[in-house]
Amino acid sequence: MENQNPRRSQSLNSDIISTLPLNIIEDILTRMPLRDALRTSVLSKKWRYTWRGMPKLTFKDNMVTMSSNIYYMLRKCKLVHAIFHVLLLHNGPETLVFKCSVFHLHMESDIALILSYLARRTKVKKLFFSSDDRSYKLPVSFFSLQGLEFVYLYNCTFEPPLTFNGFSSLTSVRIWNVDVSAQMLQQFLSKCPQLVNLRLVGCQKVVDFVAGENKFTFGDLLQCVPLIQTLDISKYYMKVYLYAGGMTHKLPTSLVHLKNLFLNVCLVEQNEISSALCIIRSSPVLERINFLMSDNEKLPVHQTPSNFLDPEDYPDLKLDYLVKLEIENFSKLPLEMEFVKLIMAKSPLLKKVKIELNDNISVYEEMKMLKDMLRLPFLRASPCAELIIDRPLGFKKWRLRRV
C-alpha cells in the first residue's frame, strides 16, 4: 500500500464522480440551487454539460447576486438574461419541472416571454408560479403550456383567454391567494377533463374579488370535476359559492372517485355543515375526511340546531370505505363531538379518528370531555376504530379503543 502510485490513486478518486450513473447525477443536481448546479461543470468532463439534462429547473430571485447599491433594473435585466441563458442551453428530456419564484420579475412581458419559450421548446409537465404582487396577471402564454399535468399558482391574477381550449393532461391544480372570478374558475376547470386533485386556498380579500356577482353554487363547481379524487377547499372559497345559494341534500351526480376530502368549516353555521354533509353524502368511496374547524366560537348567522347531527336522521349516509377522520382546532362545541359520533356511526371500516384540540381548551375541559365519552358510550360501526385526542404541542395524547 505504501508503494501505491499516487497518480493511480488520484485517477481512481476522480473516477468516483465520473462513473456515477447519469440519473443519480441529475438527481443530485436537482437538489441543489440552480446556480450551484451550473458550477458543477468544472468537476469533470462527464459533469461539464450534465446540468443540461436536469429534469427540474428552479428559478429564484437570488439566482444572481449584485451589490445592494446597483440599480434595480440592472439587477432585473441580469436575472432575465440568466434565465434565458439557462433555457437556451438546456436540452433535457421532455419532462421539465419549472418552478418560477422570481419575485423581482414583475413585468408581464418578461414572464410572458419565458413561458412562451417554454411552450415552444419544451413540454413542461409541472409549473410552480409565485409572485409577491397579487395584482400581477398571469400572461396568456401560460395557457399555451399544453403538456401541463400539475399547476401551483400563488398570489397572482388568473384570467383564461377566450381562445383557451383547456389542458387535456392536467390532473392537479393548487390555487393559493389567486384572484379569479367564480365564472372564470369554473370555465377553466370544465376544460380540464382529467383533473383529479383540486386545492383552493384564499384569504378574505380574494373572496371579495372572487365573489363579485357570482351566480354559481358549490354544486355547480363540483360538477366541473367529475373525476376528482382529492378535494381541498378553504372556508373563504366555500363562502364564495355559498353566497350564491345553499347546497342541496345530495348532488345531482355523485362524486364517485372522491377519496380524500379536506374542508375548512364552521359547524355553527348550518349552511356550511349542510354543504359538508352534502359532499360527504355524494361521495360513496371516501377514504379520508379532514376538517379544520374555524369561527366556531363566533355568533352564527344561522345557528345549527343541537339535534341537527343525530345519526338516526341520516339513514342514507353510508361511508363504507372511510378509514380515517381527522379534525383540527377542535373546541368544546357539542356539535363538533356530535359530528364525530355521526361519522363513526356510519363508517364500518374506520380505523383511526384523530382530534386535535383548540389551544383554548383547558386541561379540565379536556378531562371532562373524556369522562363524558366514557360514561356515555356512543355507537361505532367499526369494531376497531381508534379515537386519538391530541393537543397541538403534544402535551397529552389519549387513545380510546372499543373493546
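Numbers given to residues run from 1 along each chain, matching the order in which its sequence is written. Local features in this predicted model are restricted to residues of pLDDT 70 or higher, and side-chain atom pairs are both shown and tallied only at a pLDDT of 80 or more, whereas totals for entire chains, interfaces and linings draw on every residue. To obtain the side-chain values, all non-hydrogen atoms of the structure were used and water was disregarded.

Trainee: An account of the overall build of the protein chain is requested, with residue identities and associated values reported.
Mentor: Helical segments are the DSSP runs of H or I of at least four residues, strand segments are the runs of E of at least two, and each set is numbered from the N terminus. Within the protein chain one finds 12 helices and 13 strands. Think of it in three bands: residues with accessible area under 20% of the maximum for their type are buried, residues over 50% are exposed, and the middle band is partly exposed, with areas taken using a 1.4 Å probe on protein chains only. Looking at the protein chain as a whole, 46% of its 403 residues are labelled buried. All accessible-area figures derive from a Shrake-Rupley calculation using a 1.4 Å probe, and residue coverage is judged against the displayed protein chains alone. For the protein chain, the accessible surface area stands at approximately 20900 Å², while carbon and sulfur atoms represent 54% of it.

Trainee: Could you give me a rundown of the nonpolar core, with the residues and numbers involved?
Mentor: To form a nonpolar core, buried Ala, Val, Leu, Ile, Met, Phe, Trp, Tyr and Cys residues must be joined to one another through side-chain atoms within 4.5 Å. Ranked by internal contacts, the top residues of the largest apolar core, which has 106 residues, are Phe142, Ile280, Phe291 and Phe339. Ranked by residues supplied to this core, first place goes to helix α11 (residues 334–345) with seven residues. Residue contacts follow a heavy-atom distance rule, with two residues in contact if any of their heavy atoms lie within 4.5 Å. Discounting chain neighbours no more than four positions away, the residues touching Ile280 are Leu261, Leu286, Ile289, Phe291, Leu317, Leu319, Phe339 and Ile343.

Trainee: Any chance you could break down the pairing of strand β6 (residues 197–201) for me, citing the residues and the numbers?
Mentor: Being paired, for any two strands, means DSSP has found at least two bridges between them. Sheet analysis places strand β5 (residues 172–176) next to β6, joined by five bridges and oriented parallel. Directly across from Trp176, in β6, lies its bridge partner Val201. Here the term right-handed applies to a crossover when the path leading from its first strand over the helix to its second strand runs clockwise, the strands being oriented away from the viewer. What joins β5 to β6 is helix α6 (residues 182–190), and the crossover it makes is right-handed. Pairing geometry for β6 and strand β7 (residues 230–233), over four bridges, is parallel. Note that in β7 the partner of Asn197 across the bridge is Thr230.

Trainee: With reference to specific residues and values, describe helix α2 (residues 22–30).
Mentor: When we look at burial in α2, the residues that qualify are Ile25, Glu26 and Leu29. Down the axis of α2, the sector holding all buried residues measures 95 degrees, keeping them to one side. The arc under discussion is defined with respect to the helix axis, by the directions toward the C-beta atoms.

Trainee: Break down the packing of aromatic side chains for me, citing the residues and quoting the values.
Mentor: Each Phe, Tyr or Trp ring, with Trp reduced to its six-membered ring, pairs with another whose centre is within 6.5 Å; inter-plane angles below 30 degrees give stacked pairs, above 60 give edge-to-face pairs, and intermediate values give tilted ones. Scanning all chains against the criterion turns up 14 aromatic pairs. Look at Phe142 and Phe167: their rings are 5.8 Å apart centre to centre, the planes differ by 85 degrees, and that puts the pair in the edge-to-face class. One end of the pair, Phe142, is in the loop between β3 (123–130) and β4 (150–154); the other, Phe167, is in the loop between β4 and β5, and 25 residues separate them in sequence. By the burial criterion, Phe142 is buried, and Phe167 matches it.

Trainee: A description of unusual backbone geometry should follow, citing residues and the corresponding values.
Mentor: In this structure, Asn155 takes a positive phi of about 60 degrees despite not being glycine. Looking at the element boundaries, Asn155 is found in the loop between β4 and β5.

Trainee: How would you summarise the confidence of the model for the protein chain if you had to cite specific residues and measurements?
Mentor: Segments scoring low in pLDDT should not have their predicted coordinates read at a detailed level. On average, the protein chain scores 80 in pLDDT, and the residues at 70 or more come to 77%. Residue-level confidence of the predictor is what pLDDT reports, using numbers from 0 through 100. Model confidence for the protein chain, summarised as mean pLDDT per element, is weakest for helix α7 (residues 204–211) at 52 and strongest for β7 at 95.

Trainee: Summarise the pattern of salt bridges; cite the residues concerned and give the values.
Mentor: A side-chain nitrogen of Lys or Arg and a carboxyl oxygen of Asp or Glu constitute a salt bridge if their distance falls within 4 Å. All told, the structure shown has nine salt bridges when counted by the stated rule. For Asp316, the salt bridge identified is with Arg281, shortest N-O distance 3.3 Å. Pair noted here: Asp316 is in the loop between β9 (288–293) and β10 (324–330) and Arg281 is in helix α10 (residues 270–281), with a separation of 35 residues, a long-range link. The exposure class assigned to Asp316 is partly exposed, which follows from its relative accessible area of 34%.

Trainee: Go over the pairing of β5, please, and point to the residues and values.
Mentor: Both β4 and β5 contribute to a ladder of five bridges, which runs parallel. Across the sheet, Tyr152 pairs through a bridge with Arg174, a residue of β5.

Trainee: For the packing of α10 against α11, give the residues involved together with the corresponding values.
Mentor: Fitting a line to C-alpha atoms yields each axis, with helices limited to the stretch in contact; the angle taken between N-to-C directions then spans 0 to 180 degrees. Where α10 meets α11, the axes come as close as 14 Å, and the angle between the chain directions of the two elements is 10 degrees. As far as their axial angle goes, α11 and α10 are roughly parallel. Across the interface between the two elements, Ile273, Leu277 and Ile280 of α10 pack against Phe339, Leu342 and Ile343 of α11. When its residues are assigned to classes, the contact of α10 with α11 shows six nonpolar, no polar and no charged. Any angle between 65 and 115 degrees counts as roughly perpendicular, while under 35 counts as roughly parallel, over 145 as roughly antiparallel, and the rest as oblique. Under the grouping applied here, Gly and all other residues not named as nonpolar or charged are polar, the nonpolar ones being Ala, Val, Leu, Ile, Met, Phe, Trp, Tyr, Cys and Pro and the charged ones Asp, Glu, Lys and Arg.

Trainee: So, α10: which residues are in play, and what are the values?
Mentor: In this analysis, the expected span of each helix is defined as 1.5 Å times one less than the number of residues it contains. Taking 1.5 Å per residue as the helical rise, α10 with its 12 residues ought to reach 16 Å, and the 16 Å between its terminal C-alpha atoms agrees with that figure. Of all 12 residues in α10, nine are buried; the element is thus mostly enclosed.

Trainee: Explain the environment of Asp359 residue by residue, including any values.
Mentor: Structurally, the position occupied by Asp359 is in the loop between β11 (352–357) and α12 (363–375). Judged by relative accessible area, which is 61%, Asp359 ranks as exposed. Each C-alpha atom, one on Asp359 and one on Arg391, is 7.5 Å from the other, the two residues being 32 residues apart in sequence.

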